[in-house]
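The primary structure of each chain is shown beneath.
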Amino acid sequence: FLNCKKLTNITLPSRLAGFDKAWFSGCTALETITIPEGGTYYSKGGAICTGTTLVYVPVNFNKATAAQVYVIPSGITAIADKAFEDARYVRHVNIPYTVNSIGASAFEEATSLHTLESITFADRTDVAPLNIGERAFYDCVNLTEVVLPDSLTAKIADKSEGANGTVFTLNIADTTPSLELSNY
């Protein structure tokens, strides 16, 4: 499907044995990919998933919604590396308590994600820490709000760099968790 610039929607079979987001490189109008449940890969909440891992959000997903809020589906436990790399119309992300891993570069290198403004983490009911991969929020220059519940603990691989050397640091203390942005 490489460079199918007018492709807006596609349905793939549930028997799909593999999935590679590179198949849709250059598909600048793509809004939805539908894969029925029952196979290794399936679509849920607008994203492509495998098991309990969100692996890909299409380039124009959420384009028609005014608020451009994406609620990661309940039951998802991991966000794969570069899962949101192409998502142009996701301004606000709500992450459920079930997510315990955000992959390396999950929101990185998407010039379109310059529009990502906020991330809200749901209150966690378990004690498992949230693991955040390296450069998870790299180049999210408009990310100004991260809502962290008191119950959140996090492990960050190295650091998550933002544009112009901004480094995101999650501070988890006995009081209120916070996110600091600092330039290096």
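Just so it is clear, the model here is predicted, and its values are computed rather than measured. (Residues numbered from 1 in each chain as written. Predicted model: local features only at pLDDT ≥ 70, side-chain atom pairs only at ≥ 80, totals over all residues. Heavy atoms only, no water.)

Draft legend 1. A look at the sheet that holds strand β6 (residues 69-71). Taking strand neighbours across the sheet as the criterion, the four strands line up as β6-β8-β10-β12 in an open arrangement whose pairing is parallel. If you trace the sheet from one side to the other, it starts and ends with β6 and β12 (145-147), each paired once. Neighbouring strand axes in the sheet, compared pairwise and without regard to direction, differ in orientation by 10 degrees on average. Bridge count between strand β10 (residues 118-121) and β12: three bridges; the pairing is parallel. Note on β12: the bridge partner recorded for S118 is E145. (Pairing = 2+ DSSP bridges. Helix = DSSP H or I, 4+ residues; strand = E, 2+ residues; numbered from the N terminus. Axes fitted to C-alpha atoms, helices over the stretch in contact; angles between N-to-C directions.)

Draft legend 2. Representation of the state of the cysteines in the model. Evaluation of the coordinates by the stated rule reveals zero disulfides. In this structure C4 is not part of a disulfide, and its nearest cysteine sulfur, from C27, lies 5.0 Å away. Accessibility expressed as a relative area gives 31% for C4, which makes it partly exposed. Judged by relative accessible area, C27 falls into the buried class, the value being 3%. (Disulfide = S-S within 2.5 Å. Buried < 20%, exposed > 50% of the residue type's maximum accessible area, 1.4 Å probe, protein only.)

Draft legend 3. View of the pairing of β10. Examined bridge by bridge, strand β8 (residues 92-95) and β10 share four bridges and lie parallel to one another. Looking across to β10, one finds that V93 is bridged to I119.

Draft legend 4. Structural context of the confidence of the model for the chain. Residues at a pLDDT of 70 or more form 74% of the chain, whose mean pLDDT is 77. When the elements of the chain are averaged for pLDDT, strand β16 (residues 178-183) gives the smallest value, 44, and strand β7 (residues 78-79) the largest, 96. Long-range and interchain partners of residues 158-167, a stretch whose pLDDT sits below 50, account for 37 contacts in this model, where long-range means more than four residues apart. Segment residues 171-184 is flagged for pLDDT under 50; beyond a separation of four residues in sequence, or across chains, it makes 36 contacts in the model. (pLDDT = per-residue confidence, 0-100. Contact = heavy atoms within 4.5 Å.)

Draft legend 5. Spotlight on the side chain of S118. With respect to the helices and strands, the residue S118 is situated in strand β10. The contacts of S118, once residues within four sequence positions are left out, are R91, H92, V93, L143 and E145.

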